[in-house]
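So the chains spell out like this:
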Amino acid sequence: MRRLEDITEAITSYNPEADSDIIRKAYVYSAKVHHGQVRLSGEPYLSHPIEVSYILTRLKMDAVTTAVGLLHDTLEDTHTTPQDIERIFGKEILSLVDGVTKISKIEFASREEQQAENFRKMILAMAEDIRVILVKLADRAHNMRTLEYISSREKQKRIAMETLDIYAPISNRLGIGWLKSELEDSSFKYLYPEDYKYIESRVESKFDERDKYIKGVANIVSDELKKADIATRITGRPKYFYSIFQKMQSQNISFDEVYDLAGLRIITDTIRNCYAVLGIIHSIWKPIHGKIKDYIAMPKANMYQSLHTTVIGPDGERVEFQIRTEDMHNTAEEGIAAHWRYKEKKIDERDDKKFLWLRHLLEWQQDLKDPKEFMETVKIDLFPDEVYVFTPKGDVKGFPRGATPIDFAYQIHTDVGNRCVGAKINGKIVPLKYKLKNGDIIEILTSSARTPSRDWLKIVKTSRAKTKIRAWIKNEQKQRSIALGKEICEKEIQRYDLSSSAVMKPKALLKAAAALGFSKVDNLMAGIGYGKISVQQVMARLIPEEKILERKKREESKLRKIVEKVTRKPSDKGGIKVKGVDDILIRFGKCCNPIPGDDIIGFITRGRGISVHIRNCSSIADIEYDPDRRIDVEWDKEKSVPHLVQVAIVTVDKPGLLAKISSAIAVYDVNISNANIQTTEDKKAYLNFSIEIRDIEHLKNVIKTVERIKGVISVKRVKES
């Protein structure tokens, strides 16, 4: 088992001014809270955080991150609280330990590639500080080294699969080559044990022969480079087992056909000399066409830079070379940590391309004075416009930042979105306008009585949700227009003293529709409802001519009709007076459901009816209309017509409360025409009542009485659906 001194010596070797005291303090605390705990290997539990911390020194992390390595399991595996960590070590270390804990709690459930990519993005997005990811990678590396002590074969495979699909690619994305290869090989060992043993035995059997061959090639190259006076160091480049396996699988070749089981890496001092070394190698051996790759001029996405070439070497065998500078080598091996190399200088335009990927990944300062300052500024910003959340089954879904549960519902299914009434996020009910956060587990609550609201368009972010909501509204408007068109036709037919059933026969309607340019009868009715065609045009094709003439003779002059209309006779429709108009169809807006006492306004529809809304109804503002189509309306105080009102009541969930509420409502001679009740796991009940009331004062009295009942949390009128 490693000692504390191994960690402090390692960190001071690359950062002499590192705060060793914080590391010692973390070591003492970790030893105290993990006292008595034992790993499956039989070692004291403390051995794990020590190894994690030591791995972080190999990544050349700062003292704070190294201390977090010692503390990373304290919140999850001991009685330590976040308050304890903050009190003893401060907010910065608490934030990092808490970040690692949150990531450790989620499990990857699917090998489907899109899910794996979403999962990787979510982990990166959850960790606001890059150091959280690096601690988690170190934690996973040591757990993989001790995976053999887990007795369950299935659990071993699950952890190995998660490591191969999630954490190895993240290591690669961060540019930490050695860690990526270690995680891949350790996963390979448990996922494909037979293939692993086969490749391991073949590599070992060829080791001496291959080692001798590579040393011979290295000597030849070294001699030529000395002649050219180019300073270099040459090392062997081992081929990792999983890399060999991947090549055998992807190219469908045998082990003996994987020629570059080992290659050579040549490290020199300048980019100019990299290309000079390449030229010298090609002058010694013939390069293979298509095997020369210039990652210096065109770096990989994770900032990796090198020249690659494969040549036909001695005895006709292929040999692969990687040629790079020291800085490039540090980047390839250490990833983000390599940028400490630039701590004493500002980044100029020549170096700008090197940091193109880093600028997308990190927020950092132009003047990197020391490792601590650098590490305090590295914040992940890979996905500033995306969030990643879980379905109840564990699948990961990506959404634009600011998306709501409604967006999530429509992503699952159109019907789920259309009937969405609420959502549970991480087990707690939230409003539909809640903005999704990375790692949220979302469950959608639905009701068959629910329909989409126009207001949803103001809060949803995904194009799918907007399209589906607009489609529903458009269809709903069409259905309303069809119903309105039929109503207008039936009312008009009655003016001719005829039966609507006798006039509106299917064949006659279809013929009239075709004559007026409509393919279906429903489209004709919608056209009347929308106001695209007048009802008189339709009547001219449905009613006999003699009946039309008879009506004309019977009707009074147009002037007399106008005079009669301005007599302000009360309408029979819902207790509404329309100033200057009588005998006209009145419809109440379902969006705001006005009742006597509300400040109202009328709106002439494209049919012949008048739609009545509360004056500040938001749906009126969304409708493009001519101001001339507004009309003043008022409540007829002489008429008492019952109106349906939606009331939403939230209560604690306890027996007898529903009966008390119903009795309180009945006291005011109010009829409950419909009730919808839902209970939740947090012991709350959501009651949605449709009640018949006379006017606004009547409603206020009902609400006040219900609010006084013990156990009632809130009561409110639902004005908009």
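Since the model is a prediction, treat every value here as computed from it, not as a measurement.

**Examining the sheet that holds strand S11 (residues 442–446)**
Taken in spatial order, the three strands of this open sheet run S10-S9-S11, and their pairing is antiparallel. With partners counted over all chains shown, the strands left at the sheet margins are strand S10 (428–430) and S11, one partner each. Across the sheet, the mean angle separating the axes of adjacent strands is 35° when strand polarity is ignored. Taken together, the three bridges between strand S9 (residues 420–425) and S10 define a ladder with antiparallel strand orientation. Bridged to Ala423 within S10 is Val430. On top of the sheet, helix H19 (residues 405–412) reaches S9, S10 and S11; it is set at about 85° to S11, its chief contact.

**A look at the side chain of Arg39**
Tracing the chain through its elements places Arg39 in the loop between helix H2 (20–33) and helix H3 (47–58). Of the side chains with opposite charge, Asp73 lies nearest to the buried Arg39, which makes no salt bridge, at 5.7 Å. Polar side-chain contacts of Arg39 include one of 3.4 Å to the side chain of Asn143. When residues no more than four places from it in sequence are discounted, the contact partners of Arg39 are Pro44, Tyr45, Ser47, His48, His142, Asn143 and Thr146.

**Some points on the sheet that holds strand S20 (residues 684–693)**
Strand pairing in a sheet is mediated by backbone hydrogen bonds. Such pairs are either parallel or antiparallel. Strand order in this open sheet of four strands is S19-S20-S18-S21, and the pairing throughout is antiparallel. Two strands lie at the open edges of the sheet, namely strand S19 (671–679) and strand S21 (712–718), each paired on one side alone. In this sheet, adjacent strand axes meet at a mean angle of 20° when their direction is disregarded. As paired strands, S19 and S20 are joined by eight bridges and run antiparallel to one another. When the sheet's bridge partners are listed, Asn676 is paired in S20 with Asn688. Along the sheet face, helix H30 (residues 696–707) touches strand S18 (643–652), S20 and S21 and points at about 165° away from the line of S21.

**Thoughts on the nonpolar core**
Formed by 68 residues in total, the largest nonpolar core has its most connected members in Ile23, Leu56, Ile93, Leu174 and Ile199. Among the elements that line this core, the one with the most residues is helix H9 (residues 130–145), at nine residues. Once residues lying within four places of it in the same chain are set aside, the contact partners of Leu56 are Tyr14, Met61, Thr65, Thr66, Gly69, Leu134, Val135 and Ala138. Counting residues in hydrophobic clusters, the runner-up holds 25 residues, among them Cys489, Met525, Ile528 and Leu585.

**What to know about the environment of Ala138**
Within the element layout of this structure, Ala138 appears in helix H9. Through-space distance from the C-alpha of Ala138 to that of Pro49 is 9.6 Å; in sequence the pair is 89 residues apart. Every residue in contact with Ala138, bar those within four places of it in the chain, is listed here: Val52, Ile55 and Leu56.

**Notes on the packing of aromatic side chains**
A ring pair, where both rings are aromatic, is described by two values, the distance of the centres and the angle of the planes. Taken as a whole and judged by the stated rule, the model has 13 aromatic pairs. Arranged with centres 6.3 Å apart and planes meeting at 80°, the rings of Tyr198 and Phe255 form a pair that is edge-to-face. Here Tyr198, found in helix H12 (residues 193–227), pairs with Phe255, found in the loop between helix H13 (241–251) and strand S2 (262–268); they are 57 residues apart in sequence, far enough to count as distant. Accessibility expressed as a relative area gives 38% for Tyr198, which makes it partly exposed. Over the aromatic face of Tyr54 sits the side chain of Arg2, whose NZ or CZ is 3.8 Å from the ring centroid. The ring of Phe89 has Lys25 sitting right over it, with the charged end atom 5.6 Å from the ring centre.

**Details of the environment of Arg615**
Structurally, Arg615 is set in the loop between strand S15 (610–614) and helix H28 (618–622). Spatially, the C-alpha atom of Arg615 lies 9.3 Å from that of Pro594, the residues being 21 residues apart in sequence. Once residues lying within four places of it in the same chain are set aside, the contact partners of Arg615 are Asp599, Ile600 and Ile601. Polar side-chain contacts of Arg615 include one of 3.1 Å to the backbone oxygen of Ile600.

**Considerations on the pattern of salt bridges**
Any two side chains of opposite charge can pair, given that their charged atoms come close. In total, this model carries 21 salt bridges according to the counting rule given. Between Glu681 and Lys424 there is a salt bridge; the shortest N-O distance is 3.8 Å. Taken together, the residues span a long stretch of sequence, with Glu681 in the loop between S19 and S20 and Lys424 in strand S9 at a distance of 257 residues. Glu697 serves as the salt-bridge partner of Lys700, at 3.8 Å between the closest nitrogen and oxygen. Separated by three residues within a single helix, Lys700 and Glu697 lie in helix H30, roughly one turn from each other.

The rules behind each value
Residues numbered from 1 in each chain as written. Predicted model: local features only at pLDDT ≥ 70, side-chain atom pairs only at ≥ 80, totals over all residues. Heavy atoms only, no water. Pairing = 2+ DSSP bridges. Helix = DSSP H or I, 4+ residues; strand = E, 2+ residues; numbered from the N terminus. Axes fitted to C-alpha atoms, helices over the stretch in contact; angles between N-to-C directions. Contact = heavy atoms within 4.5 Å. Buried < 20%, exposed > 50% of the residue type's maximum accessible area, 1.4 Å probe, protein only. Lys, Arg positive; Asp, Glu negative; His and termini not counted. Salt bridge = Lys/Arg side-chain N within 4 Å of Asp/Glu carboxyl O. Polar contact = N/O pair within 3.5 Å; in protein donor to acceptor, adjacent residues only side chain to side chain. Core = buried A, V, L, I, M, F, W, Y, C linked by side-chain atoms within 4.5 Å. Phe/Tyr/Trp six-rings, centres within 6.5 Å; stacked < 30°, edge-to-face > 60°. Lys NZ or Arg CZ within 6 Å of the ring centre and 35° of its normal.

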